[in-house]
Amino acid sequence: MPKRYVVIWFRLLKTDWMVRHQPMLKDAPFVMAAPERGRMVIKAATKAARAKGINVDMVVADCRAIYPALQVFDDKPGLAEKLLNALAEWCLRYTPTVAVDLPDGLILDVSGCPHLWGGERLYLDDIITKLKAFGYYVQAAMADTIGAAWAISRFGKASSIIEPCRQAEAILPLPPAALRLEAPILERLEKLGLHQISSFINMPRKALRRRFGQPLLMRLEQALGQEYEVVEPIQPVQPYQERLPSLEPIRTATGIEIAIRRLLEKLCMRLAKEEKGVRKCVFKAYRVDGNLQQMEIGTNRPTRNVEHLFKLFEIKIPTMEPALGIEVFTIEALIVEDISASQDALWDITEGGNGTAIAELLDRIAGKLGVNTIHHYLPDEHYWPERSVKAASSFEEKPQTNWRTNLPRPIHLLTRPETIEVTVPMPDYPPMLFYYKGILHNVRKADGPERIEQEWWLEQGLFRDYYCVEDENGARYWLFRLGSYGSGEPKWFIHGFFA
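Everything numeric in this text was worked out from a predicted model, so none of it was measured.

Undergrad: Can you help me understand the packing of aromatic side chains in this one?
TA: How two aromatic rings sit relative to each other is given by the distance of their centres and the angle of their planes. Evaluation of the coordinates by the stated rule reveals 18 aromatic pairs. Geometrically, the ring pair formed by Tyr436 and Phe497 is tilted, given 6.1 Å between the ring centres and 50 degrees between the ring planes. One end of the pair, Tyr436, is in strand E15 (residues 433–436); the other, Phe497, is in strand E19 (residues 491–497), and 61 residues separate them in sequence. There is no split in this pair, since Tyr436 and Phe497 are both buried. Relative to Phe480, the ring of Tyr466 lies with its centre 4.8 Å away and its plane at 45 degrees, an arrangement referred to as tilted.

Here is the structure:
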């Protein structure tokens, strides 16, 4: 099969990405710059900025002298490589071999692929149209060699598809820069008046090597197809997925259990080799009638414990409907996290030796009652009660400060304090009784007040005087008065409940 390549040039890669995330910049002249030798140097410029004489490698201070209203954004290190890798993975739908060509291009080995789109023209047009729809300004070309496709994509003015074996004719009118030559070689060619590839392509090879070195000959022969060019295709991350087909349609819960266990064993074996654990996992069952049945589980900490994961799925097996039978099962770890072998062993000797057991218990409770039924809170460095706790992002998150234990705090703190009606014998005294949700509570014991001032650096407001009170039934509440009686009739609130 003859080789065919497509080279895609993202001329404004980074600025196009900025416009995608901030559409208001679409027609604005702006640049992305980074510090270099004590100066801010432009690394990317929009088409509008280039039209005003501003280009890459210019100093920002000089550019602002040309155009004072120029917007400057910080260049992000590694952004181009990250974007090109993501775009390369997207291009895998067109060919299995895609390579990144830093700093602004992609190389596709499309041998044997264009006929699936109805021909080379439709194939290339489909790629360009979809990339432009994403907001990227692209130019692309197809040829027998990477060198010829690269040259036409950046310097070509005629057709972007070079017919097989016609690459020599296509590159003749192009400048030497189309051969991807280094700057010193281009300068020597310029001084000798060799402004087109046609000016030197037929010169004796020995003379070219003597004058310009082997790199010129290598690039020329690569473009003509006389020397093979090696590219390193991307290796997309393989999903953590296992598949199990069934010889006979499965209709029973026992059959589903066997399938889950086998898939989990294979999945966890791979995870163990890569020192990772599951945080979120989905099991799918494809029925013979085309219907899809699935179950999803989540864990509080990464795990590759087959028995634990199986128990989480086992709870949900009654929700599966096999109907006429299931012919294919799959399992996929949607979210995985690092977990070394040593960490896995240490889990069993954390506080009290039951860290893993607690996490697995919480997973089973969440599987039965729902993820939102379990909440994990940590102390936060604030005096204002509503801000003194925060929700933990995971079971592993550690507190940055200690819980306050020198003063009483309720087990249940209301998200928002609720107003109550009180009877107070004297100002600055705790209430004798209060109404909460239509129920009268007679106060038998009280302690306080504890004054908590508003955090002025966050918000302005009145202070609170908190009281711990106990009613005739022995129930204890956390009440507060907002402000003082000296400034009028203050409001009273209930803010929490003690055990």
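Picking up after the structure, the text goes on.
Undergrad: Could you clarify how one ought to interpret the packing of helix H1 (residues 13–21) against helix H4 (residues 79–90) in this entry?
TA: Two packed helices can be described by the angle between their axes and the distance between those axes. Packing of H1 against H4 leaves a shortest axis separation of 10 Å and a crossing angle of 75 degrees. Here H1 is positioned roughly perpendicular relative to H4, judged by the angle of their axes. Where H1 abuts H4, its residues Leu13, Lys14 and Trp17 lie against Leu79, Ala80, Leu83, Leu84 and Leu87. When grouped by side-chain class, the residues that make up the contact of H1 with H4 number 7 nonpolar, no polar and 1 charged.

Undergrad: Is there a simple way to think about the confidence of the model for the chain in this case?
TA: Counting all residues, the mean pLDDT for the chain is 88, and 96% of those residues have values of 70 or more. Within the chain, the lowest mean pLDDT, 48, falls on helix H13 (residues 341–346), and the highest, 96, falls on strand E1 (residues 5–10). In this model residues 345–353 is a low-confidence stretch, pLDDT under 50, and it forms 9 contacts with partners more than four residues away in sequence or in other chains.

Undergrad: Just to check I follow, could you spell out the environment of Asp75 for this structure?
TA: Relative to the assigned elements, Asp75 resides in the loop between strand E4 (71–74) and H4. In sequence terms Asp75 and Met142 are 67 residues apart; their C-alpha atoms lie 31 Å from each other. With near-sequence residues (within four places) excluded, Asp75 lies in contact with Lys14, Met32, Ala33, Ala34 and Lys43. Here the side chain of Asp75 touches Lys14 through a polar contact of 3.0 Å, side chain to side chain.

Undergrad: Explanation requested: the nonpolar core in the structure shown.
TA: The tendency in soluble globular proteins is for nonpolar side chains to be buried as a group. Formed by 37 residues in total, the largest nonpolar core has its most connected members in Ile8, Phe10, Leu106 and Leu108. Of all the secondary structure elements, the ones that give two or more residues to this core are E1, H1, strand E2 (30–36), H4, strand E6 (105–109), helix H5 (120–133) and strand E7 (138–143). With 7 residues, the single largest contributor to this core is H4. With residues up to four places along the chain from it excluded, the contact list for Leu106 reads Val6, Val7, Ile8, Phe10, Leu84, Leu87, Ala88, Cys91, Ala99, Val100 and Asp101.

Undergrad: What exactly am I supposed to notice about the sheet that holds E4 here?
TA: Hydrogen bonds between backbone groups are what pair the strands of a sheet, and the pairing can be parallel or antiparallel. Pairing in this open sheet of 3 strands is mixed, and the strands run E3-E2-E4 from one edge to the other. Pairing within the sheet leaves two strands with one partner each, and these edge strands are strand E3 (39–45) and E4. Here the average twist between neighbouring strands, direction ignored, is 45 degrees. Here E2 runs beside E3; their pairing, made up of 6 bridges, is antiparallel. Each residue of the ladder has a partner; that of Pro35, found in E3, is Met40. Packed onto the sheet, H1 meets E2, E3 and E4 and runs at close to 120 degrees relative to E2.

Undergrad: So what exactly am I meant to see when it comes to helix H6 (residues 146–155) here?
TA: Residues spaced three or four apart along an α-helix point in a common direction, a consequence of the helix completing one turn every 3.6 residues. Burial analysis of H6 places 9 of its 10 residues in the buried class, which makes it a mostly covered element. Three or more residues of H6 are buried, namely Ile146, Gly147, Ala148, Ala149, Trp150, Ala151, Ile152, Ser153 and Arg154. Where the residues of H6 are buried, they touch E1, strand E5 (97–101), E6, E7, helix H7 (167–171) and helix H10 (214–224).

Undergrad: Is there a simple way to think about a nonpolar patch on the surface in this case?
TA: A surface patch of nonpolar side chains, amounting to about 550 Å² of accessible area, comprises Tyr383, Trp456, Trp457 and Leu458. Note on placement: Trp456 falls in the loop between strand E16 (439–452) and strand E17 (464–471).

Undergrad: Can you help me understand the environment of Cys165 in this one?
TA: Within the element layout of this structure, Cys165 appears in the loop between H6 and H7. For Cys165 and Asp144, which are 21 residues apart along the polypeptide, the C-alpha to C-alpha distance reads 6.8 Å.

Undergrad: What exactly am I supposed to notice about the packing of helix H11 (residues 253–273) against helix H12 (residues 306–314) here?
TA: Relative orientation of the contacting elements H11 and H12 amounts to 145 degrees, with a least axis distance of 10 Å. H12 is crossed by H11, and the crossing has right-handed handedness. Across the interface between the two elements, Glu257, Ile260, Arg261, Leu264, Glu265 and Cys268 of H11 pack against Val306, Glu307, Leu309, Phe310, Phe313 and Glu314 of H12. A class-by-class count of the residues in the contact of H11 with H12 yields 7 nonpolar, no polar and 5 charged.

Definitions and limits used
- Residues numbered from 1 in each chain as written.
- Predicted model: local features only at pLDDT ≥ 70, side-chain atom pairs only at ≥ 80, totals over all residues.
- Heavy atoms only, no water.
- Phe/Tyr/Trp six-rings, centres within 6.5 Å; stacked < 30°, edge-to-face > 60°.
- Helix = DSSP H or I, 4+ residues; strand = E, 2+ residues; numbered from the N terminus.
- Buried < 20%, exposed > 50% of the residue type's maximum accessible area, 1.4 Å probe, protein only.
- Axes fitted to C-alpha atoms, helices over the stretch in contact; angles between N-to-C directions.
- Parallel < 35°, antiparallel > 145°, perpendicular 65-115°, else oblique.
- Contact = heavy atoms within 4.5 Å.
- Nonpolar A, V, L, I, M, F, W, Y, C, P; charged D, E, K, R; others polar.
- pLDDT = per-residue confidence, 0-100.
- Polar contact = N/O pair within 3.5 Å; in protein donor to acceptor, adjacent residues only side chain to side chain.
- Core = buried A, V, L, I, M, F, W, Y, C linked by side-chain atoms within 4.5 Å.
- Pairing = 2+ DSSP bridges.
- Patch = residues over 30% accessible without salt bridge, like charges linked within 9 Å, V, L, I, M, F, W, Y side chains within 5 Å.
- Areas by Shrake-Rupley, 256 points an atom, 1.4 Å probe, with all protein chains shown as cover.
- Salt bridge = Lys/Arg side-chain N within 4 Å of Asp/Glu carboxyl O.
- Left-handed = near helix turned anticlockwise from the far one by under 90°.

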